[in-house]
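# Coordinates in review
Here are the chains, one letter per residue:
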Amino acid sequence: MVFGNEHKVKSHRLGRRRKKGGGRMIVAPWIVITMVSVLVAAGLTWGFVTLLRSGCDGMWRVTVAAAPSMYNTLDDAARAWEATEPEVGGECVGIEVREVPSADASRGITSGTWDDKSFGKRPIAWVPDSQAWASWVASSETSAGYVSGDPVVLGQASSVLAVAESTATALDWLGGEPPTWADVTAAAQAGTINLAAANPRTSTEGLVAMLNATSDGAGGFSAEAMSAYAGALEAGTVTDDVEDQLDAYAESGDATQVFTALDYQMEEHNATASDDPLVPVTPSGSAVGAVATYLVLGGADWVSESDADIAERFGDFLQSQVDSGEFDDAELEAVDDPQAALAQTTPAVVGETVRAWQVGREDLHVLFLLDRSSAVTDETVTYDGTDLTAGDAAVRTAVATVEGMESTYKAGLWEYGVDPGDGSTARSVTELTEMSEDSQASLIEDMYDISADDPYEGGSPLYDSLVEAYGYMDGQAADGALSVIVVLTNSGQDDVSQPTVDETAETLQGLGGSVAVYTVGFGEANTENLTKLAVGGAFIEAPAEGGVLDAIGGS
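For every chain, the first residue of the written sequence is number 1, and numbering continues from 1 along that sequence. Reporting in this predicted model follows two pLDDT cut-offs: at least 70 for local features of residues, and 80 or more for side-chain atom pairs to be given and counted; totals over whole chains, interfaces and linings ignore these cut-offs and use all residues. Side-chain numbers here rest on the full set of heavy atoms in the structure, without hydrogens or water.

With that out of the way, let us pick up the overall build of the chain. The number of helices and strands found in the chain is 19 helices and 19 strands. Relative accessible area decides the class of each residue, using a 1.4 Å probe on protein chains only: under 20% of the type maximum gives buried, over 50% gives exposed, and in between gives partly exposed. A buried classification covers 49% of the 555 residues belonging to the chain. To be clear on the numbers: accessible area is Shrake-Rupley with a 1.4 Å probe, and residue cover counts the displayed protein chains and nothing else. Carbon and sulfur atoms make up 49% of the accessible area of the chain, which amounts to about 26800 Å² in all. Under the scheme used here, helices are H or I runs from DSSP no shorter than 4 residues and strands are E runs no shorter than 2 residues, and both carry numbers assigned from the N terminus.

So this is what it looks like as structure tokens:
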């Protein structure tokens, strides 16, 4: 429903309706004329009344980015608000809700590089499924003032450890005094349990669990607790979110695994898996829950005053729904004390905790530099048990590397050959982009697309292309990220570029050292030259299968 008008649903009947046999009823002309007149009058009256009711001659919607778990409830609320026919200056206004994971939204808001392709327009308002994400945004100097006005607290989910009932019983974690986080991390490092954690940089369940595990007990951050938590995760497993872990548990039944989760995620798992169900264990001292909030980004430079005003009006509507109990999300519990709920996380503590976690855990920014000169089709190599051209094997290796990347990594694609256009030796195929699910799939598609194209005629202008790529990546450098160029070729011999291999290596070394070059050699590649060019990185012999992520520091 939009502005209270129901969308018409077409009949499922296909084709023309057949005429029935038999005679037709004859209707007098004056009856037909009278009926038509009544219908026309009724239609005009309805249109006039509708015009009076609408009171406006246009429509303008502002965008709200909502966490996937909140999307349906927010969309329902937006439709309910539109049914009240809100307007500003004679123009009807409304809300377009876009589904954006909280981690992706927080990175897009703080970095200023919003992924329009995956998530649509930059949002005017934001609904993360935990206020901790908003605190992380506020901890950055550039985005500290983006949120305007008071958040609307929509509800909260509890942070729990999801533990197999048999394990919780054996450890005496049920019915009595709950374990402390120190007990949990000690058990993980001793091998008694396998702590299967969700990544705090990509998931709400992981972020909230880390904030609880590293608390000093007084609302602050403990470096000692962080060291213990990090050690427990090194002994266990970390994935982007808990969903894949729970799916694997349903198949393996490994009762030693203990998952960082939100209460509703555990309940959803138990609804479809009955053997040794998971039970919630809340370590003592856990004070942070996933508090879902509605935030207007009125302080962001892309948000106009008028758009912020519309978003604030919708926020008032949401607040009234919360107050009246009409706002009902199956995955959230009501919050009795909104101010206390918001006080669970502060920008200072969240910022310090996340930055401590990031130490030694650099993101990876990778530019794949693929040789597409005629040399790549002149040689056959074996990859994954199949004979392929060296060029196709290089593409398969690049694809396998991308498939192993985390969603916080960035990757791009260049190809090089003689005169790909604009007088350059290299051509940008895919800009450096964060590896969301859609972006990752798009990059892989681009890789397969160029492997289907004919190679460039002539030699392999590797040296000039590598220097150009290095300059590009140097300009894309970011704090907390390792910038890497991965060259994939079966050549390494360049008779096209002006500088020699030694001169090229010297040029790369003189460019500042902010980018690491890894060269991957296939078949009869010139190992000596590729080793010289691997400035800050290393030469890698092409794998027989899979990618090279481990070799470039992405494991």
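To continue, consider the sheet that holds strand E8 (residues 237-239). By this definition, two strands are paired if DSSP reports at least two bridges between them. Taken in spatial order, the 5 strands of this open sheet run E8-E7-E9-E6-E10, and their pairing is mixed. Strands at the two margins of the open sheet, each flanked by one partner only, are E8 and strand E10 (278-281). In this sheet, neighbouring strand axes are inclined to one another by 30° on average, regardless of whether the strands run parallel or antiparallel. Relative to E10, strand E6 (residues 159-164) is paired through 4 bridges, and the arrangement is antiparallel. From the neighbouring strand, Leu-161 faces E10, where its bridge partner is Val-281. Two residues form a contact once any of their heavy atoms are found within 4.5 Å. Lines fitted to the C-alpha atoms define the axes, with helices restricted to the stretch that makes contact. Angles between their N-to-C directions range from 0 to 180 degrees. Where helix H8 (residues 204-213) meets the sheet, it contacts E6, strand E7 (194-198) and strand E9 (257-262), and its direction lies at approximately 105° from that of E9. On the sheet, helix H9 (residues 223-235) packs against E7, E8 and E9 and is oriented at approximately 105° with respect to E7.

This part takes up the side chain of Asp-115. In this structure, Asp-115 sits in the loop between helix H3 (102-111) and helix H4 (116-119). Positive charges come from Lys and Arg alone, negative charges from Asp and Glu alone, with His and the N- and C-terminal ends not counted. Any carboxyl oxygen of Asp or Glu within 4 Å of a side-chain nitrogen of Lys or Arg constitutes a salt bridge here. For the buried residue Asp-115, which engages in no salt bridge, the nearest side chain bearing the opposite charge is Lys-117, 7.5 Å off. N or O atoms within 3.5 Å of each other form a polar contact, as long as, within protein, one can give a hydrogen and the other can take it, and as long as residues adjacent in sequence are counted only when both atoms are side-chain atoms. In terms of polar contacts, Asp-115 uses its side chain to reach the side chain of Ser-439, at 3.4 Å. Setting aside anything within four residues of it in sequence, one finds Asp-115 in contact with Gly-120, Ser-436 and Ser-439.

At a closest axis distance of 8 Å, the pairing of helix H5 (residues 131-138) and helix H14 (residues 347-358) adopts a crossing angle of 85°. By the angle between their axes, H5 is roughly perpendicular relative to H14. Together, Ala-132, Ser-135, Trp-136 and Ala-138 of H5 and Pro-347, Val-350, Gly-351, Val-354, Arg-355 and Gln-358 of H14 make up the contact between the two elements. Classifying every residue of the contact of H5 with H14 by side-chain character gives 6 nonpolar, 3 polar and 1 charged. Should an angle fall under 35 degrees it is taken as roughly parallel, and over 145 as roughly antiparallel, whereas 65 to 115 is taken as roughly perpendicular and any remaining angle as oblique. When residues are grouped by polarity, Ala, Val, Leu, Ile, Met, Phe, Trp, Tyr, Cys and Pro land in nonpolar, Asp, Glu, Lys and Arg in charged, and all others, Gly among them, in polar.

Negative charge collects at one region of the surface, where Glu-243, Asp-244, Asp-247, Glu-251, Glu-267, Glu-268 and Glu-333 lie side by side. The element contributing the most residues to the negative patch is helix H10 (residues 242-252), with 4 residues. Within the secondary structure, Glu-267 is located in helix H11 (residues 263-272). Only residues above 30% relative accessible area that lack a salt bridge enter a patch, with like-charged residues linked at up to 9 Å and the nonpolar side chains Val, Leu, Ile, Met, Phe, Trp and Tyr linked at up to 5 Å. By convention, charge coordinates are those of NZ in Lys, CZ in Arg, CG in Asp, or CD in Glu.

So, about the pattern of salt bridges. Evaluated as defined, the whole model comprises 9 salt bridges. A salt bridge links Arg-313 to Asp-309; the nearest nitrogen and oxygen atoms lie 3.1 Å apart. Of this pair, Arg-313 and Asp-309 both sit in helix H12 (residues 305-324), 4 residues apart, which is roughly one turn of the helix. What makes Arg-313 partly exposed here is its relative accessible area of 36%. On the basis of relative accessible area, Asp-309 is assigned to the partly exposed category, the value being 26%. Across the pair Lys-532 and Asp-502 runs a salt bridge, and its minimum N-O distance is 3.1 Å. Of this pair, Lys-532 sits in helix H19 (residues 527-533) while Asp-502 is found in helix H18 (residues 501-509), placing the two residues 30 residues apart along the sequence. Lys-532 sits in the partly exposed class, given a relative accessible area of 32%. A single salt-bridge network, built from bridges that share partners, covers Asp-104, Arg-107 and Glu-434.

The next subject is the environment of Asp-276. One can find Asp-276 in the loop between H11 and E10. When the C-alpha atoms of Asp-276 and Ala-255 are compared, they prove to be 7.8 Å apart, with 21 residues separating the residues in sequence. Asp-276 has contacts with Ala-164, Glu-165, Ser-166, Tyr-249 and Ala-255, leaving out every residue within four places of it along the chain. Of the polar contacts made by the side chain of Asp-276, one reaches the side chain of Ser-166; its length is 2.6 Å.

We now examine the nonpolar core. The set of buried Ala, Val, Leu, Ile, Met, Phe, Trp, Tyr and Cys residues whose side-chain atoms join them within 4.5 Å is what this entry labels a nonpolar core. Among the nonpolar cores identified, the biggest contains 80 residues, and Met-70, Leu-74, Trp-126, Leu-154, Tyr-229, Tyr-294 and Phe-314 are the most heavily contacted of them. Once residues lying within four places of it in the same chain are set aside, the contact partners of Tyr-294 are Val-64, Ala-125, Trp-126, Val-127, Pro-151, Val-152, Leu-154, Ala-311, Phe-314, Gly-315 and Leu-318. Counting 34 residues, the second largest nonpolar core, distinct from the first, contains Leu-364, Val-381, Ile-450 and Leu-488.

Before going further, it helps to spend a moment on the side chain of Gln-321. With respect to the helices and strands, the residue Gln-321 is situated in helix H12. Residues contacting Gln-321, with those up to four places away along its chain left out, are Ala-77, Ala-80, Glu-326 and Phe-327.

Here we take up the packing of aromatic side chains. Two rings from Phe, Tyr or Trp (for Trp, the six-membered ring) form a pair when their centres are within 6.5 Å of each other. A pair whose planes differ by under 30 degrees is stacked, one over 60 is edge-to-face, and the rest are tilted. Per the counting criterion, the structure on display carries 8 aromatic pairs. Judged by centre distance (5.9 Å) and plane angle (85°), the ring pair of Trp-181 and Tyr-229 falls under edge-to-face. Placement of Trp-181 in helix H7 (residues 181-190) and of Tyr-229 in helix H9 is noted, with a sequence separation of 48 residues between them. Neither Trp-181 nor Tyr-229 differs from the other in exposure class; each is buried. Here a set of aromatic residues connected by ring pairs shows up, and it is made of Trp-81, Tyr-294, Phe-314 and Phe-317.

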